[in-house]
Amino acid sequence: MNAEIIAVGSELLLGQIVNTNARFISRQLADIGVNVYFHTAVGDNPDRLKSAIEIAENRADLIIFTGGLGPTKDDLTKETIARHLNTVLQMDDDALTSIEQYFNRTGRPMTENNKKQALILKGSEVLPNEHGMAPGMIYKKDECFYMLLPGPPKEMEPMFLKFAYPSLRSKLGSYEVIASRVLRFFGIGEAMLETEIEDLIDGQSNPTIAPLAGDGEVTLRITAKHADLQVAHQLIDETEEKIRKRVGEFIYGYDDSSLMEELIKLLKEKELTIAAAESLTGGMFQQEFTSIPGAGSLLKGGIVCYTNEVKANILQVKEETIQTCGVVSSECALEMAENAAKLMNADVGISFTGVAGPDELEGHPVGTVYIGLYQKGKKTRVEKLNLGGSRAANRIRSIKYGCHFLLSYIQE
């Protein structure tokens, strides 16, 4: 079964809300082997919606609509579909009773247009709305299924899981599941990664391999389809192993993980605490670190040291180092990392100093960054970066590189 998801609502096109419904539904459909090849968004206009339906009918046998089931005049999904399919709308008594009970419970008057929400396509399978008013429905004509769902995620998601999903499973009978795994890379560009595994991408069939780049990272999504979920995962394992043999040193995690989450996981495993000294990043490392639940017990503290005075008087970087080497230097980064850890009695220290931009500093170009790495019992290391880009991008990339370097350093 091939599906298309059509989100109805001008607010989507205006950028006022994000279409999270399509992502949620696509993930659920993958579990039962339904291919989602297109996501469409259309405004509250009957002619444009009709055109979107006609296009979808030529390439999908399951069309899922979200939104446009409410009580107002611009909620026109049901009416437009009914006209297109030459059927009629009829009142669903159970839905109407549920709506009336809602208004009775809340003590609010029920206006006449609210009855519109209880209208369904005649002959459709009704999907009860236990978290709102407008019911969903599934209607079949010829070989195509039309599924109508409410727009608000708090209504749509439970309705889909409890009623729509089981209905689809029963209609499919036997089916293949779609399993996927995302490999997360750092320290290698998208072009280089693709070059290293080009023959695997060119020869893909099942599983498939799809690269994606963003925020200085690269991901590969491996997707396999099989009637047996265990076999699908085995196919993914085999493909991942081939990829690891070529570029495994750049893989740091899976799926929705992040460099910071992987660092925190490692610190917990090793029972290590950490302290930070931040100049160009201005506390962003600590902010991101503590945004992850459970990280607070690992961070002893940190110092944001923008001025030379704070570096010298608070962080105890030697005056000689500042005068001779400058604050944008490996020597300064080294002392910052060591001193932060020692002052706060932490096992690990990390420091960031450099030139975020927009101007040069101490003769160093924008994007020059030094990251200090300290751990008790190890030789302190400093990594130098030559980044390019905006001030914001340089700060964000510095933090990502800091996590990346620290992961390798701790595991040595």
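Reading guide: rules and limits
- Residues numbered from 1 in each chain as written.
- Predicted model: local features only at pLDDT ≥ 70, side-chain atom pairs only at ≥ 80, totals over all residues.
- Heavy atoms only, no water.
- Buried < 20%, exposed > 50% of the residue type's maximum accessible area, 1.4 Å probe, protein only.
- Helix = DSSP H or I, 4+ residues; strand = E, 2+ residues; numbered from the N terminus.
- Pairing = 2+ DSSP bridges.
- UniProt positions renumbered as here; feature names shortened; annotations may be inferred.
- Patch = residues over 30% accessible without salt bridge, like charges linked within 9 Å, V, L, I, M, F, W, Y side chains within 5 Å.
- Areas by Shrake-Rupley, 256 points an atom, 1.4 Å probe, with all protein chains shown as cover.
- Salt bridge = Lys/Arg side-chain N within 4 Å of Asp/Glu carboxyl O.
- Lys, Arg positive; Asp, Glu negative; His and termini not counted.
- Charge placed at Lys NZ, Arg CZ, Asp CG, Glu CD.
- Axes fitted to C-alpha atoms, helices over the stretch in contact; angles between N-to-C directions.
- Contact = heavy atoms within 4.5 Å.

## Focus on the pairing of strand β1 (residues 2–8)
Of all seven residues making up β1, six are buried, and the element is well covered by its neighbours. Note that β1 and strand β2 (residues 35–42) share seven bridges and pair parallel. Directly across from A3, in β2, lies its bridge partner V36. Strand direction decides the pairing type here: β1 and strand β3 (residues 62–66), joined by five bridges, are parallel.

## Section: the environment of I55
Mapping I55 onto the fold places it in helix α3 (residues 46–57). Separated by 51 residues in the primary sequence, I55 and E4 place their C-alpha atoms 10.0 Å from one another.

## Some words on the UniProt feature "domain: MoaB/Mog" (unreviewed entry) in the protein
When the UniProt feature table is mapped onto this chain numbering, "domain: MoaB/Mog" (unreviewed entry) sits at residues 4–170. Counting secondary structure, residues 4–170 comes out at 40% helix and 23% strand; the distance between its end C-alpha atoms is 19 Å.

## Considering a negative patch on the surface
Together, E190, E194, E198 and D202 make up a region of like negative charge exposed at the surface. Of all the secondary structure elements, the ones that give two or more residues to the negative patch are α7 (190–196) and α8 (198–202). Take E194: its relative accessible area is 37%, and that puts it in the partly exposed class.

## Describing the sheet that holds strand β6 (residues 125–127)
Strand order across the open sheet formed by six strands is β2-β1-β3-β8-β7-β6, with mixed pairing between neighbours. Only two strands of the sheet have a single partner each, and these edge strands are β2 and β6. Across this sheet, the average inter-strand angle for adjacent strands is 20°, counted without regard to direction. Along the sheet face, helix α2 (residues 20–30) touches β1, β2, β3 and β8 (144–149) and points at about 165° away from the line of β2. In the packing of α3 onto the sheet, the strands contacted are β1, β2, β3 and β8, and the crossing angle to β1 comes to about 170°.

## Quick look at unusual backbone geometry
Across the chain, the bulk of peptide bonds are trans and the bulk of non-glycine residues have phi less than zero. Cis geometry marks the peptide bond from N206 to P207, where omega comes out at 10°. Within the secondary structure layout, P207 lies in the loop between α8 and β10 (208–214). With phi around 65°, Q316 is a residue other than glycine that occupies positive phi space. When you line up the elements, Q316 lands in the loop between α12 (308–313) and α13 (319–324). Of note, the phi angle at N345 is positive, near 55°, even though the residue is not glycine. Structurally, the position occupied by N345 is in the loop between α14 (330–343) and β15 (348–354). With a relative accessible area of 52%, N345 lands in the exposed category.

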